[in-house]
Every structure is written in structure tokens, then in C-alpha cells.
Amino acid sequence: MDTVWIAMIPAILAATWRMATPLIYAAVGEVITERAGVLNIGLEGTMLLGAFTAFAAVYATDNLWVGLLATLLVGVVVGLVFAFFTVTVKANQIIVGVALNLLGLGLTGFLFRTLFLGTKNAVRTVPVLNIPVLSDLPVVGEMLFHQNLMVYGTLLLVPVASFVLYKTAFGLAIRSVGEHPRASDTVGISVSGIRYAAVMIGTALTAIAGAFLTIAHTNQFVEGITSGRGFIALAVVVFGRWSPKGAFWASLLFGVFFALQLRLQAMPDLAIPYQAFQVLPYAATIVVLLSLRGRSHAPSALAIPYEA
Amino acid sequence: MSDDVILRMENMVKTFPGVVANAGINLEVRRGEIHCLLGENGAGKTVLMSTLYGLYHADAGSIIYKGQPVQIRSPKDAIRQRIGMVHQHFMLVPTLTVAENLILGQYRYWQRLSQMERAKAEIRRLGEEFGLRIDPDAVVGRLSVGEQQRVEILKALYHGIDLLILDEPTAVLTPQETSQLLGFLRELADKGLTIIFITHKLEEVMQVSDRVTVLRDGKDVATLNTAETSPRELARLMVGRDVLMEMPERQGEPGEVVLAVQDLCVENERGLRVVDGVSFEVREREIVGIAGVAGNGQSELALALAGLMPIHSGEVRLNGQVLREWTPRQVSQLGLAHVPEDRHGMAIILPFSVSNNFVIHSFGDEPFSRHGFLNFSRIREYAQRLVREYDVRLVSVDDPISSLSGGNQQKVVVARELNREPRLLLVNQPTRGIDIGATEFVRQRILAQRDRGSAVLLISTELEEIFHLSDRILVMYEGKIVGEVPPDRSLLDKIGLMMAGHRAEA
């Protein structure tokens, strides 16, 4: 028994980063959105739209770049619509987010059944980068040196997001708009302009998170393929204290639970129903959120429309 | 227009739904002077200046600045015209550093913040030149209110200005900080900066300004040379009639102890101890005033006494009963009436009618309801009686209370609370944001309540109010009571020092 467990560790570690990847893309995007004071709880729906778009575009063209570009485009459009309702119309952000989740689920389900039901629907996937020798290292070899390119992409995303947020005028504007929009207004920053941009960046990254599920992690679309990852990403933002680096590490923590769950299901000699393990990441979400007291790190103007 | 006039605003009109804030105001400001805009709350001072700064758009009127007619559509335009404004509520992002706040909005969005070192050097240079020394790397939210105000002024200077507008800058300062600020403004004016100073405090006008324009009900009433006027004349212009400035003497001696607080500690939601070991007593026929700069634990003390915030440790006795984890309703049944600081958030429900707001504690009791059904005619009669008694100006008690002015809303709250004939009256900032007439009325009623036999705990950041009403004054600083003084105006300096944290020498 012990040796079985030890043998599983490299695979669990590798799966951890892989399972964390969609959370990282979505959560980093949401960090940027929330730092500007907008709460988009429609990550699940956005992710589904991204997942379907990537799948359909790669299916049609057999080109991964076209798939990613189409996903980005859909993400930006979703952001534009969300920002129109929450920033311009000043509708309740929770309600618009719920609507977005319902839209994502319904629209992708409808389109998938209409267009793809009964077809042999496997697509090309993002290639795995295998670094020879290093990937044979014990324990960490597979995790660090044998992953697909979108997983490595998170190593680029997190520093870039941190740089933008903390070292550029745009990032300073985002942070100030989320804390004290009126002060930002009085020095000539366009509060709605910044919020539109932050929302669209967030939804674009969230759509990419969805694409990961259909053209990297697997090679097909399934209805509801995100299975709650959009909601977990929201918890990741809180647990990561609204910073890109925090979101990265928090995502890895949740990734562990996803990876464990997968492995434990595959253990034939455990007499526990597999559903019990499937609950793990979601139960972890609840425990993590309960363990965080208050919202003292949240941007002060989060979810509050700005009245000029 | 003569050369020395820097700004002329002509016939400025600005209306909001249901309110005429500026009804044709004329203002002329000379280069290098300190010009006070004096008026009661709601006279239109802040709206006029916000229009000049581009936050509001005037319905009519023209602005001539440096001899040119100008259109100021946004604060960005104002900054470009070298106009700066220090707002009543600071326009600083508390989570950012001083330097970040100063450069905010100065860069194009795609630019890297590469010039931080140069910005910091510039901040230090300005600090040296004007004697406003502030660490550019300090996080604004951790600075004291006085320091934050210096950052605001520094921000305006950093942007480069010829005209500086200050909106009630002394409201949040201790007396010492106030005189420091006024002295500093005089220096700035001597260096050629023009300053417009919004205030409703007569002493400040007399102390700092060269000229003063008095506003009343959205119109300019007079522009005077400060040297040629008097506080009494200004008060009359501001209110439109003579103001009674004296309060009657107390009758009778304090009686039994009504409220006894022993080593009270209260923690806020972040776990910080905001009230730290406070002990005092309030007796019948006595007003105890708690002075202090806003944010030193007074608000939390009041909330804890009213049962709205948990008591962490210590003991509170009201009428001999120990309060511990009591609900506001239980506390109020023990004879506490509470006029809270946050009128809109706590005292009234804005969209509800005036009459419903009158029975907010008691709508479930006879005679206002029977068997769970409200008796509207009884409620209306009761409301009408109190409206007459307390001189609340309104059209109908069925109108939403949001349609009343701040002063009349406060009269409703005071009438409701005092009519319960409380054993202990807890009043927090009873006259904030209301006009002089209503202020006078509310204060008279508080005094009458004391003479009736109530114990009164008065919390106010307005020292003038504390001196006017209190029989004893306690000073709070960082959650502690740092001393007790009698209401003797010669002790003003001493109180000021205590408000800044200096303990009273025994």
C-alpha cells in the first residue's frame, strides 16, 4: 500500500499544476476586474463560453491559434456586455453575473447539441512540452518539465499581471478606481473607462481558462465541462487576497484537491464511493472561505457602481 | 476687469432635482488673497466650488478666470487651469502611498511608473519649501487626519496651482492643527497663491481671511473686507436674523448616578481595541460632554452603550442594571434614548413617511397598533403633535422623510427620542450638517431634557458645542479618556493638547 502511494506522488503533483491552470487564468483575470471595483461572478458562464468557442473554432479550422484568438474575442465581447450593464447602466453586479452564468450554460448547451451532437468531436490539443532528461527527474520531473504549453503560460501570466497592476500607470489607475473612485475622478482618471478595460481583461482571461479545458486538458466539449471551476476561481481571488501571486498559490492549493480527487477515484481497492472524493475541491472551497474572516483586504469600492 | 482679479463667477445657477443649490451667485476673488466663502450648510458653498472644479456643471452662469472666459467640464480641466481643491472628504486613496497618490492621473495609462524616484524627490523638495514634511513612501491610510490633509495640499501644489480651494478644512482638526493650518495658508498667500476657504465658522473667517463673501439660500448676500466687519454682523448675514448665542444657566444639582461605565473595552471588526479601558459616570441633571477629534473611539463608545456593538470587556451599568450583550431594544427599555451620529444610516429610514419614522421604536405597541394591525390615524395624530411641538417644517407627515432638509430630519429624530422622556439621553453629533436655527433649537431641547432630570451623554467633535452644553468635559484620544476638564473657555488650549494625545498633568 505504501509503495502505491509513493508511486502516485509525481502524478498527483503534475496533475496539481494542470488542474490549477484554469483557476489561475480565471482568478488572475478576476483579480484585475475586482481591483477596479467590479465584481463579476459570471466566471462560470464566461468560462463555458470560452470553452465552447475554443472547441468549435479548433474543430472548424484545425488551428489552435485561431481557437485561442476566437476565445479571446468572445471573452472581450462578454466583458463589453457585462461592463455595459454594470458600469454604464449601473445594474446590480450580482444579478448581471448570475444572468451571465445562466447564459453561458444555456447557450453553450444549445449550440453544442445543435451543431455537434452525434459527431465524432475530438479536436487537436495544445502540445505538451517535454524537456528531455529533466522530465525524468524523480518526484518533480513530470510536474515541472512535462506539461502542455498553456500550463507553462501561467508562469508568464502571473508576473505580467503583477507588473501591470503594480508597476504601470494603468495598474495604479485600476487600484485607485477600486478603492476610491471619486478621488480617481478628481485627478482626471476615467472611472468607467478603467472599469470597462478591467472587466474585459478579466473575461478574456476567464474565457482562456475555459479554452484550456477543451483544447488542452481534454480534446472535447461536454455540457457543463467547467463543473463549478468558475465559482472556485472566485474563492481563489479572496483566498489569494486580490493579488495575482496570491491567486497563483491559492489555485495550486485547490489544484491539489482536484488532483487527489482524480487519483483517489482511480484507486480500485478503496471501498468508498467515488462521489465522496469528487466533493473534495468544493468542500475545500467552503472550508477555505469559512476560515477567512471579514473582507478587510477587498477593494473598498468592490461591487459599488460609481455615481459621478 | 482690473488686473488683480483672478476669478470672477457671474450669476451661477445650479439646480438638483427639487433643490436650487445656487440661485445666481456672483463671486469675485483677487489674486493673492485669502477669500472666505461663509454660509450655513446648504447655502451652496460647496456646490459653487465644485462647479469651479468641474465636478458639477452649472445650469447657467459664466466663469472668468485670469481674464479669460473658461469652460471647466471636468477636474482634469481644472487641474490644467492650475486650480486645486482640497475636499471635505479627502480625495486620497488610502491603500496607496503618498507618492502614488500624488502621481495618480499624471501619467498616460500605458506608461511604466519609472519616474517614481523623481516624483519622490519633488515631493521632498515641495515639503521642504512649504514646511509640509511627509514621507513619500508612507501609506496614506496609516497617516493621521491632519497629515492626510497636508498630503491633499501637497497634491494640489504638486499638480501646480495658482488657485487653491479648501472645503471646510478645519472640521477634522484639533485646535492646534487648525491654527497651524491657518498660519500655513497665510504663508502660501504671501507667496502669491490665491486661496478660497469654505467655512461656516465665524472665528476662522475673522482669523484668516482678507475678504469674505457670505452665501445664504443659494445667493451671495454680501462681500466684505474682513477687517471692517464683526462676527455678529457675519452671523446676522449668514442666518438672515439676529442669533441668540448665549445658553441659559443650569438649574438644580446633579442627582443619582444613571450611567456608570467601568474599564469598558470595545473592539472593532478588525479586532483593534478602539475603546480602551474607559471609565466614567453620568448623573441625573448633568450633561457630560465627550470631546475629541473624530475617529478616536467616540463613535464606538456610543454604539456599545446603545447595544449596537459588542462590549469586549468591562462593565456598563444603566440604572443599576449591568448591560452585557443586550439588544438595542432592551437597552432602550431601560430608559436610553439615542440620537445617533449617522442620521441616514441609523436614525431614520429615508423612504418612509415622517409619521412612520416617528413610531419606529413603538409601532408594535398600543396605541399605534392593536392585534398586529397598525392604527394609522393614531400614528398620524401623534406625528402631527410632535411636529407642532418641535417646529418641524414640512408639508405633510405622510411625505417621505427624505423630502425634509437635514435640520428638519434631525428635529424629527430629536423629537422622537426626547418624547420618550429617557433616563439617559445619548446624543452623538446632534447638530452636524444642520443650519444654525435648527442647531439652536436642538441644543435648547437637550438642555431642557437635562433640567427635566435626565442624564445626558453628549459626544461631539465640535468643541464649541461641547463648551456650550456640557457641565463636565471628558477628552478622548485613541480610545482612552485622557482627562476631564470643566467647561471653562480659558482651558481651550489645554483641551486641544489633550485631543492631540497629551495627558492632563495631575
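The rules behind the values
What you see as residue numbers is a count from 1 along each chain, following the sequence as written. Each chain takes a letter, starting from A, and each ligand takes a number, starting from 1, following the order in which they are written. Under the rules for a predicted model, residues below a pLDDT of 70 receive no local features and side-chain atom pairs below 80 are neither given nor counted, while totals for whole chains, interfaces and linings still include all residues. Side-chain numbers here rest on the full set of heavy atoms in the structure, without hydrogens or water. Counting from the N terminus, the helices are the DSSP runs of H or I reaching at least four residues and the strands are the DSSP runs of E reaching at least two. Atoms counted for the radius of gyration: C-alpha only. Globule rule: 2.2 Å times the number of residues to the power 0.38. To sort residues, take the accessible area from a 1.4 Å probe on protein chains only and compare it with the maximum for the residue type: under 20% means buried, over 50% means exposed, and anything in between is partly exposed. The criterion is simple. A nonpolar core is a set of buried Ala, Val, Leu, Ile, Met, Phe, Trp, Tyr and Cys residues joined through side-chain atoms within 4.5 Å. Any two residues having at least one pair of non-hydrogen atoms within 4.5 Å are treated as being in contact. Geometry is summarised by axes, namely lines fitted to C-alpha atoms with helices restricted to the contacting stretch, and by angles between N-to-C directions that run from 0 to 180 degrees. Should the near helix be turned anticlockwise from the far one by less than a right angle, the crossing is left-handed, and should it be turned clockwise, the crossing is right-handed. N or O atoms closer than or at 3.5 Å make up a polar contact, with two conditions inside protein: a donor-capable atom paired with an acceptor-capable one, and, for residues adjacent in sequence, both atoms drawn from side chains. One bridge is not enough; two strands pair if DSSP finds at least two bridges between them. Domain ranges listed in this record stem from an automatic or a database domain assignment. By definition, the buried area sums, over both parts, the 1.4 Å-probe accessible area that each loses when the two are put together. A carboxyl oxygen of Asp or Glu within 4 Å of a side-chain nitrogen of Lys or Arg is what we treat as a salt bridge. The nonpolar class holds Ala, Val, Leu, Ile, Met, Phe, Trp, Tyr, Cys and Pro. Asp, Glu, Lys and Arg form the charged class, and all remaining residues, Gly among them, are polar. A helix's residues, less one, multiplied by 1.5 Å, set its expected span. In this context, the arc is that of the directions from the helix axis out to the C-beta atoms. For patch detection, residues must exceed 30% relative accessible area and be free of salt bridges, and they are connected within 9 Å for like charges or within 5 Å for nonpolar side chains (Val, Leu, Ile, Met, Phe, Trp, Tyr). Surface accessibility follows the Shrake-Rupley procedure with a 1.4 Å probe radius. Residue values consider only the protein chains on display as shielding. By convention, a stacked pair of Phe, Tyr or Trp rings (six-membered ring in the case of Trp) has centres within 6.5 Å and planes under 30 degrees apart, an edge-to-face pair has planes over 60 apart, and any other such pair is tilted.

Trainee: Could you clarify how one ought to interpret the overall build of chain B in this entry?
Mentor: Helix and strand counts for chain B stand at 17 helices and 22 strands. Here chain B has a C-alpha radius of gyration of 24 Å; the compact-globule value for 506 residues is 23 Å, and the two agree. Judged by the C-alpha coordinates and their principal axes, chain B covers about 70 × 50 × 50 Å. Looking at chain B residue by residue over its 506 residues, the buried ones come to 52%.

Trainee: Can you walk me through the nonpolar core in this structure?
Mentor: Most often, soluble globular proteins keep nonpolar side chains buried together rather than apart. Among the nonpolar cores identified, the biggest contains 134 residues, and Ile215(A), Ile153(B), Leu164(B), Leu185(B) and Ile195(B) are the most heavily contacted of them. Examining the composition of this core, we find that 12 residues originate from one element, helix 1 (residues 2-35) of chain A, more than from any other. Residues in contact with Leu164(B), not counting those within four places in the same chain, are Gly84(B), Met85(B), Val86(B), Ile153(B), Ala156(B), Leu188(B), Leu193(B), Thr194(B), Ile195(B) and Ile196(B). The next biggest cluster of nonpolar side chains, apart from the first, holds 48 residues, and it includes Ile287(B), Ala291(B), Ile348(B) and Val485(B).

Trainee: What is the right way to look at unusual backbone geometry in this model?
Mentor: Glycine aside, residues mostly have negative phi angles, and peptide bonds mostly take the trans form. All names here are of chain B. Residue Pro367 is reached from Glu366 by a cis peptide bond, and omega for that bond is 0°. Along the chain, Pro367 falls in the loop between helix 12 (354-358) and strand 17 (369-370). Unlike most non-glycine residues, Asp217 shows phi in positive territory, near 50°. Structurally, the position occupied by Asp217 is in the loop between strand 9 (211-216) and strand 10 (219-225). Phi angles above zero are rare outside glycine, and Asp391 is one such case at about 55°. Checked against the element boundaries, Asp391 lands in the loop between helix 13 (376-389) and helix 14 (406-418). The class of Asp391 is partly exposed, set by a relative accessible area of 32%.

Trainee: Where do I start with the packing of helix 2 (residues 43-61) of chain A against helix 3 (residues 64-88) of chain A in this structure?
Mentor: When two helices pack together, their arrangement is given by the angle between the helix axes and by the axis-to-axis distance. Residues and elements named next belong to chain A. At a minimum axis separation of 8 Å, helix 2 and helix 3 run at an interaxial angle of 150°. Handedness of the crossing formed by helix 2 with helix 3: right-handed. Contact with helix 2, carried on its side by Thr46, Leu49, Gly50, Thr53, Ala54, Ala57, Val58 and Thr61, involves Leu64, Val66, Gly67, Ala70, Thr71, Val74 and Val78 of helix 3 and no other residues of that element.

Trainee: What am I meant to see in the side chain of Asp471(B) here?
Mentor: All names here are of chain B. Relative to the assigned elements, Asp471 resides in the loop between helix 16 (463-469) and strand 21 (472-477). On the basis of relative accessibility, which here comes to 19%, the residue Asp471 falls in the buried class. Polar contacts involving the side chain of Asp471 include one to the main-chain amide nitrogen of Ile287, which spans 2.7 Å. A distance of 2.9 Å separates a polar atom in the side chain of Asp471 from a polar atom in the side chain of Arg450.

Trainee: How should I be thinking about the sheet that holds strand 16 (residues 336-339) of chain B in this particular structure?
Mentor: Whether parallel or antiparallel, the strands of a sheet pair through hydrogen bonds between backbone atoms. Residue and element names in this part refer to chain B. Reading across from one edge, 16-19-20-13-21-22 is the order of the 6 strands in this open sheet, with mixed pairing throughout. Edge strands, defined here as strands with exactly one partner in the open sheet, are strand 16 and strand 22 (480-485). Neighbouring strand axes in the sheet, compared pairwise and without regard to direction, differ in orientation by 20° on average. Examined bridge by bridge, strand 16 and strand 19 (residues 424-428) share 4 bridges and lie parallel to one another. Within strand 19, the residue paired with Ala337 across the bridge is Leu425.

Trainee: Is there a simple way to think about the domain arrangement of chain B in this case?
Mentor: Reports often express the size of an interface as the amount of accessible area lost when the parts come together. Residue and element names in this part refer to chain B. Each domain of chain B was delimited in the assignment, giving domain 1 (5-239) and domain 2 (258-499). Summarising the inter-unit geometry, the C-alpha centres of domain 1 and domain 2 are found 33 Å apart. Facing the 10 residues of domain 1 at the interface are 12 residues of domain 2. When domain 1 packs against domain 2, the two sides together hide about 860 Å² of surface, and 62% of this comes from carbon and sulfur. Counting every contact that joins domain 1 to domain 2 gives 0 salt bridges.

Trainee: Got a minute to help me understand the pairing of strand 22 of chain B in this structure?
Mentor: The side chains of a regular strand alternate, residue by residue, between the two faces of the sheet. Residue and element names in this part refer to chain B. The pairing of strand 21 with strand 22 spans 5 bridges and is classified as antiparallel. If you follow Ile473 over to strand 22, its bridge partner there is Val485. Turn length for the strand 21-strand 22 hairpin, with the two strands adjacent in sequence and antiparallel, is 2 residues, and the turn residue Glu478 shows positive phi of about 45°.

Trainee: Just checking my understanding: could you explain the interface of chain A and chain B for this structure?
Mentor: Taken together, the contact pairs 23 residues of chain A with 27 residues of chain B. Summed over both sides, the interface of chain A with chain B buries roughly 2,000 Å², with 69% coming from carbon and sulfur. In terms of surface lost to chain B, no three residues of chain A exceed Leu172(A), Thr186(A) and Val187(A), which account for 30% of the buried area on that side. Summed over the shared surface of chain A and chain B, the result is 1 salt bridge. Our count for the contact surface shared by chain A and chain B stands at 4 residue pairs in polar contact (both at pLDDT 80 or more). The leading source of residues in the side of chain A that touches chain B is helix 7 (residues 169-179) of chain A, at 7 residues. Residue composition of the side of chain A that touches chain B, by class: 10 nonpolar, 7 polar and 6 charged.

Trainee: Help me understand helix 13 of chain B in this model?
Mentor: All names here are of chain B. Given a rise of 1.5 Å per residue, 14 residues ought to cover 20 Å, and the 20 Å separating the end C-alpha atoms of helix 13 matches this to within 8%. Every buried residue belonging to helix 13 is among Ile379, Tyr382, Ala383, Leu386 and Val387, and all of these are buried. Buried residues along helix 13 cover an arc of 135° about the axis, so they all sit on one side. Looking at the buried residues of helix 13, the elements they touch are helix 12, strand 18 (373-374) and helix 14.

Trainee: Could you clarify how one ought to interpret helix 15 (residues 436-452) of chain B in this entry?
Mentor: In an α-helix, one full turn covers 3.6 residues, which means residues spaced three or four apart are oriented alike. All names here are of chain B. In a regular helix each residue adds 1.5 Å, so 17 residues correspond to 24 Å; helix 15 covers 24 Å between its end C-alpha atoms and thus fits that length. The set of residues buried in helix 15 consists of Ala438, Thr439, Glu440, Phe441, Val442, Arg443, Ile446, Leu447, Gln449 and Arg450. In this fold, the buried residues of helix 15 make contact with strand 13 (286-291), helix 13, helix 14, strand 19, strand 20 (455-459) and helix 16. Where helix 15 terminates, the next one or two residues include Gly453, which has phi positive at roughly 125°.

Trainee: Sorry, what's going on with the pattern of salt bridges here?
Mentor: Side chains that carry opposite charge are capable of pairing whenever their charged atoms lie near each other. Residues and elements named next belong to chain B. Evaluated as defined, the whole model comprises 35 salt bridges over all chains. For the salt bridge of Arg80 with Asp77, the shortest nitrogen-to-oxygen distance reads 3.1 Å. Linking Arg80 with Asp77, this pair stays in helix 2 (residues 75-80), spanning 3 residues, or about one helical turn. For the salt bridge of Arg370 with Glu366, the shortest nitrogen-to-oxygen distance reads 3.9 Å. By relative accessible area, Glu366 is classed as exposed at 54%. Through salt bridges with shared partners, a single ionic network connects Lys66, Arg82 and Asp162.

Trainee: Help me understand the sheet that holds strand 11 (residues 257-267) of chain B, please; the structure alone is not making it clear to me.
Mentor: All names here are of chain B. Pairing in this open sheet of 4 strands is antiparallel, and the strands run 12-11-14-15 from one edge to the other. Every other strand in the sheet has two partners, leaving strand 12 (273-283) and strand 15 (321-323) as the edge strands with one partner each. Sheet twist, expressed as the mean angle between neighbouring strand axes with direction ignored, is 25°. Each of strand 11, strand 12, strand 14 (313-318) and strand 15 touches helix 9 (residues 298-305); the most contacted strand, strand 11, lies at about 120° to it.

Trainee: Sorry, what's going on with a nonpolar patch on the surface here?
Mentor: Residues and elements named next belong to chain A. On the surface, Ile6, Ile9, Leu134, Leu137, Val139, Val140 and Leu144 cluster together into a nonpolar patch covering about 540 Å² of accessible area. Secondary-structure assignment places Ile9 in helix 1. Given a relative accessible area of 39%, Ile9 falls into the partly exposed group.

Trainee: Got a minute to help me understand the packing of aromatic side chains in this structure?
Mentor: Each aromatic ring pair is characterised by the separation of its centres together with the angle its planes make. Applying the stated criterion across every chain, the model contains 17 aromatic pairs over all chains. Here the aromatic rings of Tyr59(A) and Phe116(A) are separated by 5.0 Å at their centres, their planes lie at 90°, and the arrangement is edge-to-face. Taken together, the residues span a long stretch of sequence, with Tyr59(A) in helix 2 and Phe116(A) in helix 4 (residues 93-116) at a distance of 57 residues. Note on Tyr59(A): relative accessible area 34%, which makes it partly exposed. Ring centres 4.9 Å apart and planes at 55° place the aromatic pair Phe368(B) and Tyr382(B) in the tilted group.

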